[in-house]
Amino acid sequence: MLNYRTAGESHGKGILALVEGFPAGIRVDIEAINRELSRRQGGYGRGGRQRLESDAAEILTGVYRGVTIGSPLAIWIANKDYRLDRLDDLPSPRPGHADLSGAVKFLSGIRPILERASARETVGRVAAGALAKQLLRELEIGVLGYVVGVGPIMTEAVSSSLEELRSRRDASQLYLVDPLREAEIIALIDWCRKEGDTLGGVVEVRVENVPFGLGSHTQWDLRLDGRLAQAVMAIQAIKGVEIGDGFQLAMRRGSAAHDPITYRPEDAAGRSLGFVRPSNRAGGLEGGMTNGQTLVIRAAMKPISTLAQPLPSVNLHTKESQPASYERSDVCAIAACSVIAENVVAFEIARAILEKFGGDTITEIKSNLENFCKLAREHLGIVSKSN
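Keep in mind that what you see is a predicted model, and the values were worked out from it rather than measured.

## Some thoughts on the pairing of strand 10 (residues 238-243)
And then number 1: Along strand 10, five of the six residues are buried, which leaves the element largely enclosed by surrounding structure.
And then number 2: Sheet analysis places strand 10 next to strand 15 (residues 295-301), joined by five bridges and oriented antiparallel. Opposite Glu 242, over in strand 15, you have Arg 298 as the bridge partner.

## Digging into the nonpolar core
And then number 1: Within the largest apolar cluster, 81 residues are counted, with the highest numbers of intra-cluster contacts made by Val 19, Ile 75, Val 207, Ile 349 and Ile 353.
And then number 2: Ranked by the residues each element gives to this core, the list is headed by helix 9 (residues 334-357), at 16 residues.
And then number 3: Residues in contact with Ile 353, not counting those within four places in the same chain, are Leu 136, Leu 139, Ile 141, Pro 211, Leu 214, Gly 358 and Ile 365.
And then number 4: Residues Val 148, Leu 162, Leu 165 and Val 202 belong to the second largest nonpolar core, which totals seven residues.

## Focus on helix 1 (residues 30-41)
And then number 1: When the terminal C-alpha atoms of helix 1 are compared, their 17 Å separation across 12 residues agrees well with the 16 Å that a helix rising 1.5 Å per residue should span.
And then number 2: The set of residues buried in helix 1 consists of Ala 32, Ile 33, Asn 34, Glu 36, Leu 37, Arg 39, Arg 40 and Gln 41.
And then number 3: One side-chain oxygen at the N-terminal end of helix 1 lies 3.1 Å from the backbone nitrogen of Glu 31; it belongs to Asp 29.

## A short note on the sheet that holds strand 3 (residues 57-61)
And then number 1: Spatial ordering of the open sheet is given by 1-2-6-3, a layout of four strands whose pairing is antiparallel. In the strand order of this sheet, the two ends are held by strand 1 (3-7) and strand 3, each with one partner. Going from strand to strand, the sheet's axes swing by 20° on average, the running direction of each strand aside.
And then number 2: Across the sheet, helix 1 is in contact with strand 3 and strand 6 (73-78); its angle to strand 3 comes to roughly 135°.
And then number 3: Packing of helix 5 (residues 122-138) onto the sheet brings it into contact with strand 1, strand 2 (14-20) and strand 6, and relative to strand 6 it is tilted by some 135°.

What counts as what
Here, residues in each chain are numbered from 1, in the same order as that chain's written sequence. Confidence filtering applies because this is a predicted model: local features only for residues at pLDDT of at least 70, side-chain atom pairs given and counted only at 80 or more, and all residues used for totals across whole chains, interfaces and linings. Calculation of side-chain values draws on the structure's entire complement of heavy atoms; hydrogens and water are dropped beforehand. Categorising residues by exposure relies on relative accessible area from a 1.4 Å probe, with only protein chains included: less than 20% of the type maximum marks a residue as buried, more than 50% marks it as exposed, and the intermediate range marks it as partly exposed. Note on conventions: DSSP H or I runs of at least 4 residues are helices, E runs of at least 2 residues are strands, and numbering of each starts at the N terminus. Pairs of strands are assigned from DSSP output, requiring at least two bridges between the strands. What is meant by a nonpolar core is a set of buried Ala, Val, Leu, Ile, Met, Phe, Trp, Tyr and Cys residues, joined one to another through side-chain atoms within 4.5 Å. Throughout, a residue-residue contact means that at least one pair of heavy atoms, one from each residue, lies within 4.5 Å. In this scheme, a helix's expected span is set at 1.5 Å multiplied by one less than its residue total. In the analysis that follows, any N or O atom pair within 3.5 Å is treated as a polar contact, provided that within protein one partner can donate a hydrogen and the other can accept it, and provided that, for residues neighboring in sequence, both atoms belong to side chains. Note on definitions: angles span 0 to 180 degrees between N-to-C directions of axes, and those axes are lines fitted to C-alpha atoms, for helices only across the stretch in contact.

Rendered as structure tokens:
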């Protein structure tokens, strides 16, 4: 089973991502991983740490001459800003952080909690997801994450190919695909910086060319929508996740909430098997399983909890009221959040792919996927160019 774990602290020597269950036969593009790490550090509104770190991945195990061999992969990302042993503890917990809950749970000070709870840990998740995207690319599955809103400003939906959306996103300081409100959003971030305040936003991830049947309806913990929601919700500062039209569906009648099914023979050779929808309100998932349509996942990120103008707190030693402690922080990290969301979604899709079409090598996985599509067409009596 494909899985990963991360180890390491924010100001420790580095972050380690251990990926298990990755198939053999894939040539690892280390520069593709490093590009994702670099994108995670970018985006307008980031803080001073990003100028200190320049993340680069090193693969310690699991490859031979640059090609995966089926054994666990250990990916190491060093921290250049290593000073954990020299840092003092914080006297007052910061509202919105793990500080108080963690200090009580582990009967400890705040410092050991905040260093592990820090979003710095997500560098390991991004590296693992960037590796997973190299598996998905072999299967012609595309994944893209971008920003759709910052604070109260929401952008317009853009209908275009994944590559066009990628081009737009990469040209944006905020990783937007709709550039019309970018200047307005930048001005809002600048204003919040001057006020000592922070901003959150909304990100979206799209996954295209997904085959039918990833996930399962047979047990609650096998439903892919739930697994995707957990992967995204576990990103620091995420407070809401929706699939497709999500919360909007609760305000509609059933006739306006679901996606009619039509059939187009000319599309039967593709992974939709010819079943197409005039809308995608379900976001590509029905009954916990993929339905051949594009997957669409959105997540709401709360504003950064560390404020230059701190909220009231309590000194843990004296129990006297005092402002929350302050550590250097971003004003808005929504662009980075879109990178993290893209990569954790990619990893979860790769996991589901291997569960259904698994094998020890990428050659076997490709054969299993192709055979499944062939069997599905035969079962449904579909005649296509691939038959």
